[in-house]
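# Summary of structural features
Next come the chains, spelled out residue by residue.
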Amino acid sequence: RRNIPVWFVTHDHPIAKYSRYVERSFTWPGPSHEDASRWLVRFAAKHRLDNWVLFAGGDEEVRLIAQHHSLLGKTYRLTTPQWHIARFACDKRLTYEYAAALGLDCPWTRYPRDRDDVAALDWRFPVILKPRVHVERNAFTIAKAWRVDDRAALLARYDEAVALVGHDGIAIQELIPGGGEAQFSYAGIWSEGNPAASLVARRTRQYPVDFGASSTFVETIEHRTIEEVASRLLTSLRFSGMVEAEFKFDARDRRYKLLDVNPRTWTWIALGGGAGVDLPWIQWRVACGESVTMSRARAGAKWAHSVRDLVAAAQLVTSRKLSAREYWRSRQRSSTTFAAFAADDPLPGIIDLPLLIPRLLRRHWRNRTRSNLRWMQRRLQALLFHLPEERTG
């Protein structure tokens, strides 16, 4: 929309290539390929893309660019920090250790060495399993977190996670009570430890509703505490680039606890444009060396992924955590930016709809089947426990 040509390179998510604002699109081997950094250099040379701005669209891409910063920086203008900074965002153990050293609040988290460690830990359920790093896409890293409600389920899910990411790739964390209404994000553009643009948002609804892997309805708000805490972290790191930091309010001790730091584009990034802070454009200007005036988003702008938000709202209404009237009002108070659809660029949204619904249905039935299996397992254990000893053999 600002007449800046955009080329899109992907190995997995194709929806964006259908945008009228994507001039050209390409497939590539992906960021985990052994020659990925050289591929990007050759790609730029072939198409004469010297000094184009390179945006990372996922966690694996962040790691690739950060670890090959010197090589890629000779060709592109980068929006990803160098690895000695980015690693504190890419590895959750490092994230929490660094935040704790600054005196920031984080949820309690453990990093078990093996299955015996998991079995020996004493904690209250529910808890969540999270991948420490996102090195490749699989069921665990895509979900971002798995909730478990008892020890048997924890051990079973731990075994699943180990098969996907190994023993060293797993964190077990307390599940802070509350849904999207307690989850907040700080987003901004930073340069050498100084902000060029900032935004604070409440992730009002998400899917799944307990610890959403993806936001479904997000609103910009004024929240000085979130902004101050995030700024302390980013200033300390002398951060440069685009960033989103996630927090959750813990009503038990009334503290805002850091969950994640994402040094890349994120799902609801278009919300900034509706709030007067066009984050990708500001990042492009900063990367090109232009002088920009610090800007802050106005409160009251909204972003929605309509289909997912309808599913999330239906679950909340069913559990009486949200009324149908409240849902309707939240969608009516002002204009809303949508995840894939725009009036002047409708094709991505049209294509996304028939692809999304089967994914949601598969997730629903997979979760339902897993829940039924856990119920059967608990019933069987209870039955065996109460049988006479000679019959349990």
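For the structure, see preceding data.
Residues numbered from 1 in each chain as written. Predicted model: local features only at pLDDT ≥ 70, side-chain atom pairs only at ≥ 80, totals over all residues. Heavy atoms only, no water.

The next point concerns the environment of Ala304. Note on placement: Ala304 falls in strand S15 (residues 302–304). The class of Ala304 is buried, set by a relative accessible area of 1%. (Helix = DSSP H or I, 4+ residues; strand = E, 2+ residues; numbered from the N terminus. Buried < 20%, exposed > 50% of the residue type's maximum accessible area, 1.4 Å probe, protein only.)

Moving on, we come to the pairing of strand S10 (residues 194–207). Burial runs high along S10: 11 of the 14 residues are buried. In this antiparallel pair of consecutive strands, strand S9 (residues 183–191) and S10, the connection spans two residues, and Glu192 shows a positive phi of 55°. Two elements, S10 and strand S11 (residues 214–220), share five bridges in a ladder whose sense is antiparallel. Within S11, the residue paired with Tyr207 across the bridge is Ser214. (Pairing = 2+ DSSP bridges.)

Our focus in this paragraph is the pattern of salt bridges. Tallied over the entire structure, the rule returns 29 salt bridges. In this structure, the salt-bridge partner of Arg255 is Asp105, at a minimum N-O distance of 3.4 Å. Here the residue Arg255 occupies a position in strand S13 (residues 255–262), and Asp105 occupies one in the loop between helix H5 (92–101) and strand S5 (109–110), the gap between them amounting to 150 residues. For Asp105, a relative accessible area of 27% corresponds to the partly exposed category. The partner of Asp159 in a salt bridge is Arg115, and the shortest N-O contact between them spans 2.9 Å. Within this pair, whereas Asp159 is found in helix H8 (residues 151–165), its partner Arg115 is found in helix H6 (residues 115–120), the two being separated by 44 residues in sequence. Here the salt bridges do not stand alone but share partners, grouping Glu174, Asp250, Arg252, Asp253 and Lys257 into one network. (Salt bridge = Lys/Arg side-chain N within 4 Å of Asp/Glu carboxyl O.)

What follows concerns the packing of aromatic side chains. Aromatic ring pairs are reported here in terms of the distance separating the ring centres and the angle at which the planes meet. Summed over the entire model, instances satisfying the criterion amount to 12 aromatic pairs. Ring centres 5.4 Å apart and planes at 40° place the aromatic pair Trp7 and Phe26 in the tilted group. Highlighted residues: Trp7 in strand S1 (residues 7–10) and Phe26 in strand S2 (residues 24–27), separated in sequence by 19 residues. Taking the relative accessible area as the measure of exposure, Phe26 reaches 17% and is therefore buried. Judged by centre distance (5.7 Å) and plane angle (65°), the ring pair of Trp266 and Trp268 falls under edge-to-face. According to the relative accessible area criterion, Trp266 is buried, its value standing at 7%. For Trp268, a relative accessible area of 3% corresponds to the buried category. Of the aromatic side chains, those joined through ring pairs into one cluster are Trp7, Phe26, Trp28, Trp39, Phe43 and Trp52. (Phe/Tyr/Trp six-rings, centres within 6.5 Å; stacked < 30°, edge-to-face > 60°.)

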